[in-house]
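# Report on the structure
Chain by chain, the residues:
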Amino acid sequence: MSVMKKLVVGNWKMHGSRAFNAELIQGLLVADLATTAPNADVAVCPPFVFLADVADALQGTAIAVGTQDISAQTQGAYTGEVAGPMIREFGATYAIVGHSERRSYHGESDQLVADKAKAALAHGLVPIVCVGETLAEREANQTEAVVGRQLQAVIDTLGADIARVVVAYEPVWAIGTGKTASPAQAQAVHAGLRAQLAQATSSAADIPLLYGGSVKPDNAVELFSQPDINGGLIGGAALKAADFAAIARAA
Ligand code: PEP
């Protein structure tokens, strides 16, 4: 059983504006998470165009910054992509890879996600590797097979460096739907992921496993108290300072 500090990461997705972000950040700073949520490491992942603003506003605070994606390439003719060194230059710590919205809307394969995780590590960023099954896959009893396949691609690509990632289990059917996996359902998947990681590294107990999918202030405590849930990846609730702060405090 893991006793590591919890990690709570906000994924702002394609939301925000400079004015909205400034207000959200102000709310988070007023919440003084370093004092009020001492058991949580906290980060926010704004859209790329706001990275500089948000990183500046959070510099020297307890809140780290990440991105929602990263290119698998380092530089070159890759229109629309953003590379690890560019992200690093703005002081980011994390890069989410393999979010289900990128897998489904942008056709990202398991191997591309693994290559993105590798690129993040190569450029000093911690990849937050998302895995998760659709409702149809869950109903067909494929959950373990699907998340296992998604994670295995990353394990095979990173080798020993798998010990340096964060994994986020996000059942697709729970993202933005208001349906949350029950704590027992989430814990069961997390335990499976931990066991799979243990086949690959002796540090599996130290790899943060986040749960994501309609985490809210009123369900965070129970989710976070599961033995293999080390924090959360938060979508909708990360856009409300009070809710995000309450989730961080739940840790
Ligand atoms: C997400 O997309 O990472 C997510 C967990 O979203 P929500 O919290 O809105 O379900």
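Preceding this paragraph is the structure being described.
A few points on the structure.

Rules behind the numbers
Residues numbered from 1 in each chain as written. Predicted model: local features only at pLDDT ≥ 70, side-chain atom pairs only at ≥ 80, totals over all residues. Heavy atoms only, no water. Pairing = 2+ DSSP bridges. Helix = DSSP H or I, 4+ residues; strand = E, 2+ residues; numbered from the N terminus. Axes fitted to C-alpha atoms, helices over the stretch in contact; angles between N-to-C directions. Parallel < 35°, antiparallel > 145°, perpendicular 65-115°, else oblique. Left-handed = near helix turned anticlockwise from the far one by under 90°. Contact = heavy atoms within 4.5 Å. Nonpolar A, V, L, I, M, F, W, Y, C, P; charged D, E, K, R; others polar. Near = heavy atom within 4 Å. Polar contact = N/O pair within 3.5 Å; in protein donor to acceptor, adjacent residues only side chain to side chain. Core = buried A, V, L, I, M, F, W, Y, C linked by side-chain atoms within 4.5 Å. Buried < 20%, exposed > 50% of the residue type's maximum accessible area, 1.4 Å probe, protein only. Salt bridge = Lys/Arg side-chain N within 4 Å of Asp/Glu carboxyl O. Expected span 1.5 Å × (residues − 1). Right-handed = clockwise from strand over helix to strand, strands pointing away.

The next thing to look at is the sheet that holds strand β3 (residues 63–67). On the basis of which strands lie adjacent, the closed barrel formed by 8 strands has the order β1-β2-β3-β4-β5-β6-β7-β8 and parallel pairing. For this sheet the average axis-to-axis angle between neighbouring strands, irrespective of direction, equals 25°. Judged from the 6 bridges that link them, strand β1 (residues 6–11) and strand β2 (residues 40–45) form a sheet pairing that is parallel. When the sheet's bridge partners are listed, Leu-7 is paired in β2 with Asp-41.

The interhelical angle for the contact between helix α10 (residues 217–224) and helix α11 (residues 241–250), taken along N-to-C directions, is 20°, at an axis separation of 8 Å. When the axes of α10 and α11 are compared, the pair comes out roughly parallel. As for the relative orientation of α10 and α11, their crossing is right-handed in sense. Note on element contacts: α11 touches α10 through Asp-243, Ala-246, Ile-247 and Ala-250, opposite Pro-217, Ala-220, Val-221 and Phe-224. Classifying every residue of the contact of α10 with α11 gives 7 nonpolar, no polar and 1 charged.

Let us now look at the site of the ligand. In the vicinity of the ligand lie 14 residues, with Lys-13, His-99, Glu-170, Gly-176 and Ser-214 positioned nearest. Ser-214 is positioned such that a nitrogen or oxygen atom in its backbone is 2.7 Å from an oxygen atom of the ligand. Contacts to the ligand include Gly-235, whose backbone N or O atom sits 2.9 Å from an oxygen atom. The class makeup of the residues in the shell around the ligand is 4 nonpolar, 8 polar and 2 charged.

Right, let's get into the nonpolar core. One finds Val-167, Leu-193, Leu-197, Tyr-211 and Phe-224 to be the most contacted residues of the largest nonpolar core, which totals 68 residues. Filtering out sequence-adjacent residues up to four positions away, Leu-197 remains in contact with Leu-151, Ile-155, Ile-162, Val-167, Ala-204, Ile-207 and Leu-209. Core analysis: the next-biggest nonpolar cluster, separate from the first, contains 12 residues, Val-9, Ile-96, Ile-128 and Leu-233 among them.

Overall, the coordinates contain 12 salt bridges when judged by the stated rule. Note that Glu-108 and Arg-102 form a salt bridge whose closest N and O atoms lie 2.8 Å from each other. We classify Glu-108 as buried; its relative accessible area is 6%. You can call Arg-102 partly exposed: its relative accessible area is 23%. In this structure, Asp-110 and Arg-103 form a salt bridge, with 2.9 Å as the shortest nitrogen-oxygen distance. Judged by relative accessible area, Asp-110 falls into the buried class, the value being 17%. Here Arg-103 falls in the buried class, since its relative accessible area comes to 14%. Each of Asp-69, Arg-102, Glu-108 and Lys-116 takes part in one network of salt bridges that share partners.

Spanning 18 residues, helix α9 (residues 183–200) covers 26 Å between terminal C-alpha atoms, matching the ideal 26 Å at 1.5 Å per step. Looking only at α9, the buried set comprises Pro-183, Ala-186, Gln-187, Val-189, His-190, Leu-193, Arg-194, Gln-196 and Leu-197. Tucked inside the fold, the buried residues of α9 contact β5 (126–131), α7 (135–139), α8 (143–158), β6 (166–169), β7 (209–212) and α10.

Attention shifts here to the environment of Leu-151. Looking at where Leu-151 falls in the secondary structure, it is placed in helix α8. Apart from residues no more than four positions distant in its own chain, Leu-151 is found in contact with Val-131, Val-167, Leu-193, Gln-196 and Leu-197.

Neither face of β6 is left uncovered, since the one carrying Val-166 and Ala-168 and the one carrying Val-167 and Tyr-169 both have all their residues buried. The sheet contact formed by β5 and β6 spans 4 bridges and is parallel. Among the inter-strand pairings, Val-131 is bridged to a residue of β6, identified as Tyr-169. As defined by bridge partners, β6 adjoins β7 across 3 bridges and the pair is classed as parallel. For Tyr-169, the partnering residue across the bridge sits in β7 and is Tyr-211. Note on the crossover from β6 through α9 to β7: the handedness is right-handed.

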